[in-house]
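Coordinates in review
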Amino acid sequence: MSQTTEFQGPPRQSFSIGKIWTDKRTRGLVIQLMATIAICAVILYLGNNVVENFQKLGKPFGFGFLQQESNYDINQTLIEYNSQSTHLRAAVVGILNTLLVAVCGIILASILGFILGVLRLSPNWLVNKLAYCYIEFMRNVPVLVHILLVHGILVHSLPKPKQAIEFADSFFLTNRGFFVPSPVTQPLFWVVIAAFVFGLIYAFWYRRNARIKQAATGEQSPVFWVMLGAIIGLPVLVFFLTGMPINWDVPELKGFNFKGGMALKPEFLSLWLALSLYTAAFIAEIVRAGIEAVNKGQTEAALALGLPRRRTLNLVVIPQALRVIIPPLNSQYLNITKNSSLAIAIGYMDIVATIGGITLNQTGREMECMLIVLGLYLFFSLTISSIMNWYNKRLALVER
Amino acid sequence: MDTATRTYAPGEYPDEKPPIGQSGFLHWVYTNLFSSPFNIILTLLTGYFLYKIVPPAFNWLFVDAVFVADSREHCRELNSGACWGFIGKRFGQFTYGFYPHELRWRVNLTFLLFIAAVLPILWGNMPKRREMLWFSALFPFIGIWLLCGGFGLEPVETSKWGGFMLTMVIGVTGIAVSLPLGILLALGRQSDLHIIRWVCTGFIEFIRGVPLITLLFVASTMLNYFLPPGSNFDLLLRVLIMVVLFSAAYLAEVVRGGLQAIPKGQVEAADAMGLKYWQSMRLVVLPQALKISIPGIVNTFIGLFKDSTLVVIIGLLDPLGIGRASLSDTKWQGLSTEVYVFIALFFFICCFSMSRYSIYLEKKLHTGHRED
């Protein structure tokens, strides 16, 4: 037999237990395997405990209790509700109240925050420092303290209904709430709404055509004025032409309280104001940082190209600033929504106070109620952040 | 003398004053307050606003205030401003909650030791810093022993803790435990191992998606379901766990931002040097990532400290809880503004100093090239 050396390829790796840990790939697999086992074990253990606990307490698990009568009242509701309604309806009232305060808060906080952010950049020393003091005070005090403080001031320092602070004989500020006239629409009012919808559609159609025209010929159209006229001017015109088909239900003092009109309860007012004032401070800092992030050269370049000041702002500065502002602004909007859960501290009936509070205490279904509340908040958060992410993506820099 | 070669020695001639209106107070006032018609209007409006707000507030807070009184009626008889007598009477409760009176020295001692333990961490150039850091590492155990009792000290139940002491306990524990946990979560979210990454991402997104208050409710009502039947553990501990998990998730996102800002070349260079994963993280990546995420980390800490007030909703007696309990006393009803202003002041001092410290730290650690 002739001895020929065969080519055997690279030296074969012999298997050994130690290799599993020293090789990077197998080690990764081992770690993941162990993590999976550990997580499954923990979940099994917790699940087992839950089942055992339910058996021991003799409680069934299910959401049937939502159909039972709720037996409690809610002081501010957007939809029809009384103590004979079901727990499910109470939950819906809670959700609507959460959404109401979140949406109102987001709007007010954005407006205040943008104003404060611009004031913070003002060359005027007094205005600048005043905004700075406001922002620092607001940011460094817990929002719960703000809520309780505002609520305390509204309830204890405002006058009783008999000595209400009046504005124009139809707005009344009292310690029972802020009473404002509520609109009562007459049949012809739908014409105004129709005019508004038509104006809206026309305005956007016009803007689209104007853009196409500008791209093709370079001619500019008075987009802003046409849109303003179509969206606001047209409905107002129709409103007056149809003879103002709206009545105001003005609140009146009857007995110890005001009747009629719309009442903003002190709970809602204090939560709304405190959340907005608090979050506005954060938004102001975000806006300031966003505007400062736009290089001064950008403005100078735009002016050098001959763009007028307003177009410089609209076409050059604001789009770039928004790109910096949107992501943190998104998380502030989420914060307002989540902080609205502090409503329970002052008795505003939001989702945590209805289903996570009174319903939970009445039915003793801790597990189901908390699951509903957690699930709803996750849903709100994911919805808001996906909308903002979509908007953010639209604004994002298109890179090569 | 020839004017072209004339030289001036310093001090030989008195310096000329700058032209009037180009510097000094008047110039400052002109450029900062009255530089344009719009600015003039803005200044006047703000000035009027301040004139309307500041003197009444100052009078209410200090001039017309009553600092010693027995009841609200007594306050109103004495003067028309704020009634601080109330705070004075309840100051012990606001600080210690219902911690037994004769054992309060233990809280005070813990606080002093806490300061001694924190100083070497915060103060980089402290003499004998190394030795002191050993004490800092030991402090948590000493602190727990002093506050809870046992081993020769009289035990105190956590349900008696309250006031600013409780806020400090929640804040300090939360900060100390959530930072390492948050860093681990951030590393996990960036990991190449899929399962680890999914678990960390899921955990972070879940915690960030729900409000802290619901997590506290879970801790106070639902957590018992997940424990073996019949077992129960301290409410404060449950709350602490939830607070730690909550702020760890937020910290993880802040740290992740820092990690993403570190160029990939750094990790590759560390790999090329033969550093293992944990070595490269500990020695190369994390020092840089943490440095740039300091503002975010401190902001999360401030948030945690402020969020510690939420425990009042599940019945722990933090300053707000003490305040609300005292307000239900008929003698002092209706003084909510004073109570909340006092508590707000406490939080403002703590949080504002934290944010100032972070600015100082940022400047100290700014070792890279300065842009300006």
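Residue numbers here run from 1 along each chain, matching the order of that chain's written sequence. The lettering of chains begins at A and the numbering of ligands begins at 1, in the order of writing. Under the rules for a predicted model, residues below a pLDDT of 70 receive no local features and side-chain atom pairs below 80 are neither given nor counted, while totals for whole chains, interfaces and linings still include all residues.

Another aspect to go through is the packing of helix α6 (residues 189-217) of chain A against helix α7 (residues 223-241) of chain A. All names here are of chain A. At a closest axis distance of 8 Å, the pairing of α6 and α7 adopts a crossing angle of 170°. Of the possible angle classes, the one that applies to α6 and α7 is roughly antiparallel. Taken together, the residues of α7 that come into contact with α6 (itself represented by Val191, Val192, Ala195, Phe196, Gly199, Leu200, Tyr202, Ala203, Tyr206, Arg207 and Ala210) are Val223, Val226, Met227, Ala230, Ile231, Leu234, Pro235, Val238 and Phe239. In this count, Pro and Cys sit with the nonpolar residues alongside Ala, Val, Leu, Ile, Met, Phe, Trp and Tyr, while Asp, Glu, Lys and Arg are called charged and the others, Gly among them, polar. Per-class residue counts for the contact of α6 with α7 are 18 nonpolar, one polar and one charged. Angles run from 0 to 180 degrees between N-to-C directions of axes, and those axes are lines fitted to C-alpha atoms, restricted for helices to the stretch in contact. Labels follow the DSSP assignment, with helices taken as runs of H or I lasting at least four residues and strands as runs of E lasting at least two, numbered in each case from the N terminus. Throughout, the term roughly parallel applies to angles under 35 degrees, roughly antiparallel to angles over 145, roughly perpendicular to angles from 65 to 115, and oblique to all others. In this description, any two residues whose backbone-derived C-beta atoms lie within 7 Å of each other are considered to be in contact.

Okay, helix α14 (residues 294-307) of chain B next. Residue and element names in this part refer to chain B. For α14, with 14 residues, the first-to-last C-alpha span of 20 Å sits near the 20 Å given by 1.5 Å per residue. Buried, partly exposed and exposed are defined by the number of other C-beta atoms within 10 Å of a residue's own C-beta, namely 20 or more, between the two limits, and 12 or fewer respectively, with C-beta atoms placed from the backbone. Extensive coverage of α14 is indicated by the burial of ten of its 14 residues. For α14, the set of buried residues is Ile297, Val298, Thr300, Phe301, Ile302, Gly303, Leu304, Phe305, Lys306 and Asp307. Among the structural elements, α8 (163-189), α10 (212-222), α11 (235-261) and α16 (336-365) are those in contact with the buried residues of α14. Take the residue count of a helix, subtract one, and multiply by 1.5 Å to get its expected span.

Residue and element names in this part refer to chain A. If you trace the four strands from one edge of the open sheet to the other, you get β1-β2-β3-β8, paired in antiparallel fashion. The open sheet terminates on both sides in strands that have one partner only, identified here as β1 (165-167) and β8 (262-264). Each neighbouring strand pair of the sheet contributes to a mean axis angle of 20°, computed without reference to strand direction. Pairing between two strands is assigned when DSSP locates at least 2 bridges connecting them. When β1 meets strand β2 (residues 171-174), the two strands line up antiparallel, connected through three bridges. From the neighbouring strand, Glu166 faces β2, where its bridge partner is Phe172.

On to the confidence of the model for chain A, then. pLDDT expresses, on a scale from 0 to 100, how confident the predictor is about each individual residue. Confidence in the prediction of chain A, expressed as mean pLDDT, is 84, and 95% of residues score 70 or more. Mean pLDDT in chain A bottoms out at helix α1 (residues 17-22) of chain A, which sits at 73, and peaks at helix α8 (residues 266-293) of chain A, which reaches 93.

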